[in-house]
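Chain residues, written in single-letter form:
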Amino acid sequence: MLLVYIDHFGGKPPVAAWEALGAGSLFVTGSDLKAVVMGSGVEALAGEAIAHGAHSVLLADDDRLKEFRPEVYADGLSQIIRQSGADIVLFPTTSRARELAALVAVDLDTGITPDAIQLVRQNGAIVATRPIYAGKLLTTEVNLARRPQLLTVRGRSFPAPDSDPTRSGEIARIELGLAQPRTEVLGYKQSGGGVSLSDAAIIVSGGRGVANNPALHPPPELTNEKEQEIWRAREGFKLVGELAGVLGAAVGASRAAVDAGYIPYAHQVGQTGKVVSPDLYIACGISGAIQHLAGMRTAKTIVAINKDADAPIFKLARFGVVGDLHQILPALTSALRQRLGK
Amino acid sequence: MKIVVCVKQTPDTAATLTVVGGVASWGDAPLVLNPWDEYAVEQALRTKEAHGGSVTAMSLGPQAAKESLKQALAMGCDEAILISDPALERADSLLASAALAAAIKRIDAPDIVFFGKAAVDTDTEVTGPQVARRLGWPSLNLVAAISELDPAAKTITVERLLEEGRQLVRSPLPAVVSVVKEINEPRYPSFMGIRKASKAEIPIWSASDIGLQPVPEPALTWPEVIAPVRAEQSCEFVSGETPQQQAAALVERLIEEKLI
């Protein structure tokens, strides 16, 4: 039996949650696609899971699950999996669900395959393909002997099923025996906002080149060269941000730009940042170091804007613009505004 | 405080990876201390500097992994331990976490164990949390800041990175803390540190030394390693006399190809 864990934040699921459900639907016959919803006041989410194709939902609605605390969720989910006798459990690759799957794997003494991009059933086991070395290589991975098999599926690797509110299914409430939590969630801090890199269909990224606009004159109070450079870079990233705004895109950055202090680390794409696979990736002033390419090579279409026609980024790019991003980006933003009527 | 930091040796991130004889090969690229672990070592050292105590660096890997432990020593760790055993060579995260947890239990009363977010070779991001689970300690994963640490009260407050923002969590110690890059700026090894590390004797603990006998079978196997093929792209350079013309030409092509 196959279970899909529906990840959410305060009752709101990321698209990746439905993609995991979509991945699960590939391996069930008849009406055996079961979802697990855990949280507090999340009955509506159980209904949404049905609308997205789950045939039934195991619902653990409990005050102690109000905040996501991995150790408490793992206690509960391990019980649910044991009771259900599931032999495959799928999770989306979100920071929460990936950690949860890791803890449950210890409880159930089984393997955990994170970040699968492809799943195939072979001789009664799911063989997953997952990226290693930030996607420079892929490996197949299989858990032959132990059950359940636990896998998280990478965002944007499986289609999310459409929601159909007319679908119906059974919602079974489960009572969990949960120990007193030892950690306490004190609150949340919003970080930046904007479009999340992992979910973004379009990403506009900036590199070292964004700082490279000698035509800009930093305010006189900035006498230090490094401060002037960072000021120039932030002006450059405004252009990146404006283009992203018109396209509804997320803003990314190369490691060089992050290390130089141009933009916070949360924006870094690459081997020690986020590995992304959007439909469209626009690289601005990024030469294409191997660590960066590893993080975005699976983008469906890559557009590169760079002064240097020999930059390695053009080898991966479908479309290239050789020129100064400080002139190209504003022109592109205004051309798009006109064409898209924004 | 008794502080432990777990590190791994990985190929340099600048390495070009290929498949040779069915396994990953990084050619003659150097093996380094996993970049994420530099942040874990740095945080371990800062914790010691703020609260006193000692830092033990621990690694699971082949004999050659001693080199990465030496880098941790050169940065300032007090001692290092290598867990190395042929029976652990093909360890998955389930087995690796069992070995690391068993070794940590041999250390007298640790207060905190640091991990880097992930290793840049296997990219699983699960070993730290699994070690926490095995030890029965809270797992504080993806930590971007430690806002409070009280060794007397044995509590720690951290900011965890979630997709939606930062979650502020207070936890009792001991705990396992896996850190992300935002938490600090790792130091370079000092000249004195490098000299001290080069002379350091690093003990090797076998599976039986840590009480992992018999060694469990890993749950996972890797039948095939594949080099991804990306169809040779021939880049279409958009033309134009001015940036405006280039931009307009690009927009036309993106619309024609239904990319926007």
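Residues numbered from 1 in each chain as written. Chains lettered and ligands numbered in written order. Predicted model: local features only at pLDDT ≥ 70, side-chain atom pairs only at ≥ 80, totals over all residues.

Here we look at the overall build of chain B
- Scanning chain B from terminus to terminus reveals six helices and 16 strands.
- Each of the three principal axes of chain B carries a C-alpha extent, and together these read 70 × 45 × 40 Å.
- A burial count over chain B gives 52% of its 260 residues as buried.
- Looking at chain B alone, contacts between residues at least 24 apart form 67% of all its contacts between residues at least 6 apart. (Helix = DSSP H or I, 4+ residues; strand = E, 2+ residues; numbered from the N terminus. Buried ≥ 20, exposed ≤ 12 C-beta atoms within 10 Å, placed from the backbone. Contact = placed C-beta atoms within 7 Å.)

Quick word on the domain arrangement of chain A
- Split by domain assignment, chain A resolves into domain 1 (2-173) and domain 2 (202-340).
- The C-alpha-based centres of domain 1 of chain A and domain 2 of chain A are spaced at 35 Å. (Domains from an automatic or database assignment.)

A word on unusual backbone geometry
- Geometrically, the link from Arg147 of chain A to Pro148 of chain A is a cis peptide bond, its omega value of 0° lying close to zero.
- Topologically, Pro148 of chain A is positioned in the loop between β8 (137-143) and β9 (149-153).
- Between Gln213 of chain B and the following residue, Pro214 of chain B, the backbone shows a cis peptide bond with an omega angle of -10°.
- Mapped onto the elements, Pro214 of chain B comes out in the loop between β13 (204-205) and β14 (220-221).
- With a phi angle near 50°, Asn123 of chain A is a residue other than glycine that sits in the positive phi range.
- Summarising the element assignment, Asn123 of chain A is placed in the loop between β6 (118-122) and β7 (125-132).
- By the C-beta count within 10 Å, which is 7 here, Asn123 of chain A ends up exposed.

Quick notes on the sheet that holds strand β3 (residues 56-61) of chain A
Residue and element names in this part refer to chain A.
- An order of β5-β9-β4-β1-β2-β3-β10 is seen for the seven strands of this open sheet, with the pairing classed as parallel. Unpaired on one side and paired on the other, β5 (112-116) and β10 (170-173) mark the two borders of the sheet. Neighbour to neighbour, the strand axes of the sheet diverge by 25° on average, direction disregarded.
- The pairing of strand β1 (residues 2-5) with strand β2 (residues 33-39) spans four bridges and is classified as parallel. Looking across to β2, one finds that Leu2 is bridged to Leu33.
- In the packing of helix α1 (residues 15-25) onto the sheet, the strands contacted are β1, β2, β4 (88-92) and β9, and the crossing angle to β4 comes to about 150°. (Pairing = 2+ DSSP bridges. Axes fitted to C-alpha atoms, helices over the stretch in contact; angles between N-to-C directions.)

Considering the interface of chain B and chain A
- With 70 residues of chain B in contact, the opposing surface of chain A contributes 72 residues.
- Considering each element in turn, the side of chain B that touches chain A owes the most residues, nine residues, to helix α6 (residues 243-256) of chain B.
- Bridge count for β8 of chain A against strand β15 (residues 225-226) of chain B is two bridges, and the pairing is antiparallel. Across the sheet, residue Leu138 of chain A finds its bridge partner in β15 of chain B, namely Ile226 of chain B.

Observations concerning the sheet that holds strand β9 (residues 139-150) of chain B
- With mixed pairing, the 10 strands of this open sheet are ordered in space as β11(A)-β11(B)-β10(B)-β9(B)-β12(B)-β8(B)-β1(B)-β6(B)-β7(B)-β13(B). Looking at strand neighbours, the two that pair on one side only are β11 (184-189) of chain A together with β13 of chain B, the edges of this open sheet.
- Of the pairings in the sheet, the one linking strand β1 (residues 2-7) of chain B to strand β8 (residues 112-116) of chain B comprises three bridges and is parallel in character. Across the sheet, Val4 of chain B pairs through a bridge with Val113 of chain B, a residue of β8 of chain B.
- Against the sheet, helix α3 (residues 93-105) of chain B engages β1, β6 (54-60), β7 (79-83), β8 and β13 of chain B, with an angle of about 150° to β6 of chain B.

Overview of the domain arrangement of chain B
- As far as domains go, chain B holds domain 1 (2-205) and domain 2 (230-260).
- Computed from C-alpha coordinates alone, the two centres of domain 1 of chain B and domain 2 of chain B are separated by 45 Å.

Re the nonpolar core
- By size, the foremost hydrophobic cluster in this structure holds 202 residues, and its most contacted members are Val37 of chain A together with Val5, Ala57, Ala72 and Ala99 of chain B.
- In terms of residues, this core owes the most to one element, α3 of chain B, which gives 10 residues.
- Other than its neighbours up to four places away in sequence, Ala99 of chain B contacts Leu60, Ile83, Leu88, Ala91, Ile210 and Leu212 of chain B. (Core = buried A, V, L, I, M, F, W, Y, C linked by C-beta atoms within 7 Å.)

What to know about the packing of α3 of chain B against helix α4 (residues 127-135) of chain B
Residue and element names in this part refer to chain B.
- At a minimum axis separation of 8 Å, α3 and α4 run at an interaxial angle of 55°. Relative to α4, α3 is oriented oblique. For α3 against α4, the interelement crossing comes out right-handed. When α3 is examined against α4, the residues Ser93, Leu94, Ala96, Ser97, Ala98, Leu100, Ala101 and Ile104 are found in contact with a partner set consisting of Thr127, Gln130, Val131, Arg134 and Leu135.
- Grouping the amino acids of the contact of α3 with α4 by side-chain chemistry returns eight nonpolar, four polar and one charged. (Parallel < 35°, antiparallel > 145°, perpendicular 65-115°, else oblique. Left-handed = near helix turned anticlockwise from the far one by under 90°. Nonpolar A, V, L, I, M, F, W, Y, C, P; charged D, E, K, R; others polar.)

Some words on helix α2 (residues 66-75) of chain B
- A large share of α2 of chain B lies buried, amounting to eight of its 10 residues.
- The first or second residue beyond α2 of chain B is Gly76 of chain B, which carries a positive phi of 135°.

Here we look at the pairing of β7 of chain A
All names here are of chain A.
- Extensive coverage of β7 is indicated by the burial of six of its eight residues.
- The pairing of β6 with β7 spans five bridges and is antiparallel. Across the sheet, the residue bridging to Arg121 is Ile126, located in β7.
- From the end of β6 to the start of β7, which pair antiparallel, there are two residues, and Asn123 there has a positive phi angle of about 50°.
- Here β7 runs beside β8; their pairing, made up of six bridges, is antiparallel. Opposite Thr129, over in β8, you have Thr140 as the bridge partner.
- Between β7 and β8, which follow one another and run antiparallel, lie four residues, and Tyr133 among them has a positive phi close to 50°.

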